[in-house]
Amino acid sequence: MSLYVFVDYQHAGKPSRRKVRDRGAWGDLNGDGEREYLELEAYWTGLLALKLMQGCYVRNIPSILLSDGWYGNRARRAATYTKDRSLYFALHFNAGGGGYGSCFFDYRSGPRNGPRLADLIAQNLTVHLPELDKCKAIKATPSDWTKNAYSTIKACPGKMIGICLEPAFIDNPAHAPIFSDEGLDRITVGVMSAIEQFGD
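1. Quick notes on the packing of aromatic side chains
Enumeration according to the criterion identifies eight aromatic pairs in this entry. Taken together, the aromatic side chains of Tyr 43, Trp 44, Phe 93 and Phe 179 make up a single cluster linked through ring pairs. When the ring centre of Tyr 100 is taken as reference, the NZ or CZ atom of Lys 136 above it lies at 3.9 Å.

Written out as structure tokens, the structure is:
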């Protein structure tokens, strides 16, 4: 497979005094009412980033981890590493109690690129994450409720296909089993299966 995969561990490494402590959303995963680091979005996206990197390594897919700088600068920096077609995953978990998983793609992406990859991921995560009501491929734009997801991938240039991946809700008790080593393994299997299908 000639694809490069860039894994962006988001909610970490923002270069400002106000945002350097940003760790994303929180969910009371153990139900004790206390806010703990192990229940923060950035803890789980960091672990998922490593799992996805391992998934790429065992499949001999070139992969690079990003974790510092403003989101747009990360994508532009990644584009300097290769002129070949590449995939860029901005990792997040959702909050607000929803029951679905999300794979956001850039509204400007051609139908055989972002929409196709997002759909393949959504299909595979639906299989591997039965805790979800469903998993959706969603077009992200700068002008509606998807604008936050759009901001994470809008700077992906040229041959880079950006996906903002939000596979579960950290504050939905029904999704709590996903926030475990075994749950992250299931996400990884789903995403890697989609990447392989996309590359065929």
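2. Concerning the pattern of salt bridges
Here the structure, examined in full by the defined rule, presents eight salt bridges. A salt bridge links Lys 51 to Asp 185; the shortest N-O distance between them is 2.7 Å. Residue Lys 51 is located in helix H1 (residues 41-58), and its partner Asp 185 is located in helix H5 (residues 181-199); the two are separated by 134 residues in the primary sequence. Take Lys 51: its relative accessible area is 14%, and that puts it in the buried class. Between Arg 186 and Glu 182 there is a salt bridge whose closest N-O contact spans 2.8 Å. With a gap of four residues between them, Arg 186 and Glu 182 both fall in helix H5, about one helical turn apart. Counted as one network, the salt bridges with shared partners bring together Lys 51, Asp 181 and Asp 185.

Rules used throughout
- Per-chain numbering applies: the sequence of each chain, read as written, is numbered from 1 onward.
- Reporting of local features is limited, given that this is a predicted model, to residues whose pLDDT is at least 70; pairs of side-chain atoms are given and counted only at 80 or more, and all residues count toward the totals for whole chains, interfaces and linings.
- Hydrogens and water are ignored here; the side-chain numbers use all heavy atoms of the structure.
- Geometry of aromatic contacts follows a simple scheme: Phe, Tyr and Trp rings, the Trp one being its six-membered ring, pair when their centres are within 6.5 Å, and the pair is stacked under 30 degrees between planes, edge-to-face over 60, tilted otherwise.
- Geometrically, a lysine NZ or arginine CZ counts as sitting over a ring once it is within 6 Å of the ring centre and also within 35 degrees of the ring normal.
- Basic side-chain nitrogens of Lys or Arg form a salt bridge, by our definition, when they fall within 4 Å of a carboxyl oxygen of Asp or Glu.
- Helix and strand assignments follow DSSP, with helices taken as H or I runs no shorter than four residues and strands as E runs no shorter than two, numbered in order from the N terminus.
- Buried, partly exposed and exposed residues are distinguished by accessible area as a fraction of the type maximum, computed with a 1.4 Å probe on protein chains only: under 20%, between the cut-offs, and over 50%, respectively.

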